[in-house]
Structures are given as C-alpha cells and as structure tokens.
Amino acid sequence: MKVVAIIQARMGSTRLSGKVLMDLAGEPMLARVVNRCRRATTLQETVVATTAQPSDDAIARLCAERGWPCFRGSEDDVLDRYYRAALEHKADVVVRITSDCPLIAPTVIDLVVREFTRRQPEVAYASNVVPSRTFPRGLDTEVMQFAALERAWKEAQNPAWREHVTPYLSEVEGRFPVHCVTNDRDYSSQRWTVDTPEDFEFVRLIYQHFGHDRFSWREVLALLERHPEWLEINRHIVQKAL
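Report on the accompanying structure. Here the structure is a predicted model, which means the values were calculated and not measured. (Residues numbered from 1 in each chain as written. Predicted model: local features only at pLDDT ≥ 70, side-chain atom pairs only at ≥ 80, totals over all residues. Heavy atoms only, no water.)

As for helix 8 (residues 197-210)
And step 1. Along its 14 residues, helix 8 runs 20 Å from first to last C-alpha, staying within 8% of the 20 Å computed at 1.5 Å per residue.
And step 2. Among the residues making up helix 8, those that are buried are Asp199, Phe200, Phe202, Val203, Leu205, Ile206, Tyr207 and Phe210.
And step 3. Against strand 2 (23-24), helix 1 (29-38) and helix 9 (217-226) lie the buried residues of helix 8.
And step 4. Gly211 sits one or two positions beyond helix 8 and adopts a positive phi of about 80°. (Helix = DSSP H or I, 4+ residues; strand = E, 2+ residues; numbered from the N terminus. Expected span 1.5 Å × (residues − 1). Buried < 20%, exposed > 50% of the residue type's maximum accessible area, 1.4 Å probe, protein only. Contact = heavy atoms within 4.5 Å.)

What follows is the structure in structure tokens.
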C-alpha cells in the first residue's frame, strides 16, 4: 500500500501573497513543510502539487532544485489537482497537507495515517480535523483511500467542494465512513497556520528560536508555555470560511 503525501502550494493568496516562499530561518516556508513531512515514517513519497499558472513557476523551480516531485494542475479545481497527482504517483492512500502549515508534525502525520491504516478497509477518510479539532490549527492531516478520492473527483459538482478537496468526503454524514483522530488535551484554540502577516510573525518567532525545522510539536507547546504572549499575536485572526 503506497502512502503519498500531497502538499498543495501556490503563490497566490488573498491575505498574504507569496507566503509559501517567504523566509523562515533561512529557508522558504514550503521547504520547511516538505522537510517536516518527509520525516514522517508512514509516507513512501511526498509530492508538491502546484498550479500550471506562470506565477507558480517559482514553486516548480524550487522543487526541481531540491529534487522534490512536483505536479502542476488546475488552479481552482484543487480536487482535480489532487486526483491527477495521486494517479501519476500511483498512490493507494493520499495524505493531504497544505503549504501554509510550517509547524506540521511528522509524529501527528504518522498518528493519523496509522489510525487510518488500522481501520482498513472500513474507513475511507480519517483526519484530526473533522468533526472535532483538538490539535492546534496548522497540524491538519487528512488521509483518504485513493478510491474515495477518485469517487469524489467523479461525483463532486459544487465548486467549493472541488476547491477545498475533502468536504465531499468528510461533511455529508453517511456518504463515506470517516474517523476522527483526537488528542487527549484540546489545543484547538491555538493558531499555527499561516494566512496573514500576524500568523507569519508567530511562526517566525518559533523558527527564530529553534533555528531549524527538526523540533517537535510538543517542543513548540513547551516554548509557548514560556512565551504565552506569542499566542496573542494572531489570536484575533478569523479562519476563512469554506
């Protein structure tokens, strides 16, 4: 069973344009995401899925320079981009990661993948997001059968479903068997994703402290216990609705 992580990435962002290549302690943010994903032991491959737009040539160049697999597809139909990337890389299981999560945790990826694997073939989709989030926003990991992704690709008609990839699998009760992975303590109030300048400042302080990307998410929690004021930097940011 080939497990492939697909990281969606593009330069366009309504609130922080070009964020995926912004510098975090000497490396582009996308490199931090890829590096951390590749440390997950349950993954056989990690692929960057960007768009065919000229504005994303810079992402494709970075992938070529670093030797990362890169797929280029639709800008707006991200479900199609995922499906075709998964097809090209012969994935049996697809792990969805977004490029605005530079604190993504290899151990959390492994936890969700193992929970998903343990429940095969009954469960089509597992995540630490739906229906109950207990991890910080920014450790989001979604795992799905390729067959379920393919069915969603064929059946989903709502443009919002296609833009956001997984709502067709996760949101309608009874359509697919799903499983939610939860933590023993609720950290869902913490915002570790990057959508705005405030979000970037928050993660920049964390990377400035460590100076590398090999730290664990629990080390981040410990750091934030010593610097609770950092959590105030982006606490007011409201997540964009799907």
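So that's the structure; there's more coming.
Notes on unusual backbone geometry
And step 1. That bond from Gln120 to Pro121 is cis: its omega, 5°, falls within 30 degrees of zero.
And step 2. Here Pro121 lies in the loop between helix 4 (106-118) and strand 7 (125-127).
And step 3. Here the residue pair Val130 and Pro131 is connected by a cis peptide bond, since its omega of 0° sits within 30 degrees of zero.
And step 4. The phi torsion at Val165 lies on the positive side, around 70°, for a residue other than glycine.
And step 5. Its location among the elements puts Val165 in the loop between helix 6 (159-164) and helix 7 (167-170).

Here we look at the packing of aromatic side chains
And step 1. Taken as a whole and assessed by the stated rule, the structure comprises eight aromatic pairs.
And step 2. For the ring pair Tyr207 and Phe215, a centre distance of 5.1 Å and an interplane angle of 70° mean the geometry is edge-to-face. By the burial criterion, Tyr207 is buried, and Phe215 matches it.
And step 3. On the basis of an interplanar angle of 15° and a centroid distance of 4.3 Å, the ring pair of Phe210 and Phe215 is categorised as stacked.
And step 4. Looking at Phe215, the relative accessible area reads 3%, which means it is buried.
And step 5. One aromatic cluster in this structure is built from Tyr83, Phe146 and Trp153.
And step 6. Lying over the aromatic face of Phe215, Arg36 brings its terminal NZ or CZ to 4.5 Å of the ring centre. (Phe/Tyr/Trp six-rings, centres within 6.5 Å; stacked < 30°, edge-to-face > 60°. Lys NZ or Arg CZ within 6 Å of the ring centre and 35° of its normal.)

Honestly, that's just the spatial picture; any functional story needs more than this.
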